[in-house]
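Secondary and tertiary structure notes
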Amino acid sequence: MAGQLDPDAALMKRVTQGDQRAFEELVEKYKQPVFNLIYRTLPDAAEAEDLAQACFVQVYKAASRYRVEAKFTTWLFTIARNLCLNEIRRRSRHPADSLDASASPDEDAPAPQHEDARIVGAPDRLMRDELVSKVSEALGELPENQRSAVLMFQEQELSYEEIAEIMGCSLSATKSLIHRAREALKQRLKPYLKTGEWKQNK
Amino acid sequence: MKNPDIEELIDKVMAGRLTAEEERRWAALVLQQPDLEENMALGEALRNLSPPPEVSSNFTSRVLEELNRPARTDRADGWLEWLRWPGFARLTGAAAVLAVGFIVLQNQHQRREQMDKTVRTFAGVVSAVAPNQPSAQPEAVVAVLKDFEAIRRLPDSAPVDYGLLAALGSN
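When two helices pack together, their arrangement is given by the angle between their axes and by how far apart the axes lie. Residue and element names in this part refer to chain A. Viewed as axis vectors pointing N to C, helix α1 (residues 7-16) and helix α2 (residues 20-41) meet at an angle of 140°, and their least axial separation amounts to 8 Å. Overall, the two elements α1 and α2 adopt an arrangement that is oblique. As for how α1 packs across α2, the hand of that crossing is left-handed. Counted together, D8, L11, M12, R14 and V15 of α1 and A22, F23, E25, L26, K29 and Y30 of α2 form the full contact between these two elements. Residue composition of the contact of α1 with α2, grouped by class: 7 nonpolar, no polar and 4 charged.

Turning our attention to the interface of chain A and chain B. How big an interface is tends to be stated in terms of accessible area lost as the parts join. If you look at the interface, chain A gives 45 residues, while chain B gives 33 residues. A buried area of about 3800 Å², summed over both sides, lies between chain A and chain B, and 61% of it is on carbon and sulfur atoms. Linking chain A with chain B are 5 salt bridges. Salt-bridge contacts for R62 of chain B lead to E49 of chain A; the nearest nitrogen and oxygen are separated by 2.7 Å. The tally of links from chain A across to chain B stands at 13 residue pairs in polar contact (both at pLDDT 80 or more). At the level of elements, α2, α3 (45-61), α5 (122-141), α6 (144-154), α8 (171-195) and α9 (197-201) of chain A are the ones that each hand at least two residues to the side of chain A that touches chain B.

Residues and elements named next belong to chain A. Scanning the model with the defined rule gives 22 salt bridges over all chains in all. Of the charged contacts, one joins E87 and R90 as a salt bridge, the two residues approaching to 2.9 Å between their closest N and O atoms. Of the two residues, E87 and R90 are both situated in helix α4 (residues 72-93); the distance of 3 residues between them amounts to about one turn of the helix. A relative accessible area of 11% places E87 in the buried class. Connected through shared salt-bridge partners, E47, E87, R90 and R91 make up one network.

Calculation criteria
Residue indices follow the written sequence of each chain, beginning from 1 at its first position. Key to labels: chains lettered from A, ligands numbered from 1, both in the order written. For a predicted model such as this one, the threshold for reporting local features is a pLDDT of at least 70, and the threshold for listing and counting side-chain atom pairs is 80 or more; totals across whole chains, interfaces and linings nevertheless cover every residue. To obtain the side-chain values, all non-hydrogen atoms of the structure were used and water was disregarded. Lines are fitted to the C-alpha atoms to define the axes, a helix being fitted only along its stretch in contact, and any angle between axes, read from their N-to-C directions, falls within 0 to 180 degrees. Strands are runs of DSSP state E lasting at least two residues, helices are runs of H or I lasting at least four, and both sets are numbered from the N terminus onward. By the definition adopted for this analysis, an angle is roughly parallel if under 35 degrees, roughly antiparallel if over 145, roughly perpendicular if from 65 to 115, and oblique otherwise. Left-handed describes a crossing whose near helix is turned anticlockwise from the far helix through less than a right angle; right-handed describes the clockwise counterpart. In what follows, residue pairs with any heavy atoms lying within 4.5 Å of each other are defined as contacts. Under the convention adopted here, Pro, Cys and the residues Ala, Val, Leu, Ile, Met, Phe, Trp and Tyr are nonpolar, Asp, Glu, Lys and Arg are charged, and Gly plus all remaining residues are polar. Accessible surface is computed with a 1.4 Å probe, and the buried area is the amount of it that two parts give up when combined, taken over both parts together. A pairing counts as a salt bridge when a side-chain nitrogen of Lys or Arg comes within 4 Å of a carboxyl oxygen of Asp or Glu. Definition of a polar contact: a pair of N or O atoms within 3.5 Å, with one able to donate and the other able to accept a hydrogen when the atoms are protein atoms, and with sequence-neighbouring residues admitted only if both atoms are side-chain atoms. Accessibility here uses a 1.4 Å probe with only protein chains present; expressed as a share of the type maximum, an area under 20% marks a residue as buried, one over 50% as exposed, and anything in between as partly exposed.

Nothing here speaks to function; it is geometry throughout.
Okay, here's the thing in structure tokens:
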């Protein structure tokens, strides 16, 4: 029966039996996606990493509550998102702690990976950097639930159903969130989207 | 934009996962509704976001270390631990009820003592004004009580001047 299990579910089954090697495999596999998800909500690399670490610790401790028929990533991202929301709530209660949050979202990020300057000229690169920063800015201005939903769809490539489960809302509410996020982004980025720069720089 | 086919196509455009056939359909659709082109541009823009930084190379070992760390038993945690005891809230509540009860009883006791003192004083006044038959001389008692306000304002420590009262009563 175990052979028919989804590989992640099989690993989780081993984790529930106390197999730390299986857990290590899961951490290795999902550390970056979990970090990315948290980082897009709380754009501070050190804090995002601490939360990602807390997320995996929670996964291990709550392993017995995992149902093998559920998709592991949905469960994992639900825990990660709840930790993010708790952190946001904590920061709203103690605003002094969130001074770092006002820092630029990409401050700690490595420099964007640009194409070779011989292929893409300097003016194009500048335009591209500006667009990247405008998109990040527009995303940052979205309400948390819209931003999370649209990024889970775009970056994590999750289905509407999975996003709905992670966010704890209905399928139609999830579709509506993503639709509203896209419309808001299109509205804010209209002048940049019209230029067609993205296509030219592809 | 309620057509589910178009919605599905937009999703694929946003995700950048169009087949050749879907690309043809999309191109035809954009010719009819040029505004849809923005979806493709937005999808591209989102896909070109700066990638988040890489997690530290020692991330996994830190997670495992955290798991294997023995439960913290330092003194600071120890003395705070009892605050989390489920019976703590009930005990605190019971103590608060007892304290409130004690204060109320104490207050009642003080009021009763005050009342006793007042009655004794009043009885002294009445017996001084009408030593033999107070009920036979109500007007004398009333005359004394007319000065009640002035008497009330006398300091508590001042002893009752029964001689003065007797003199007033005899007038």
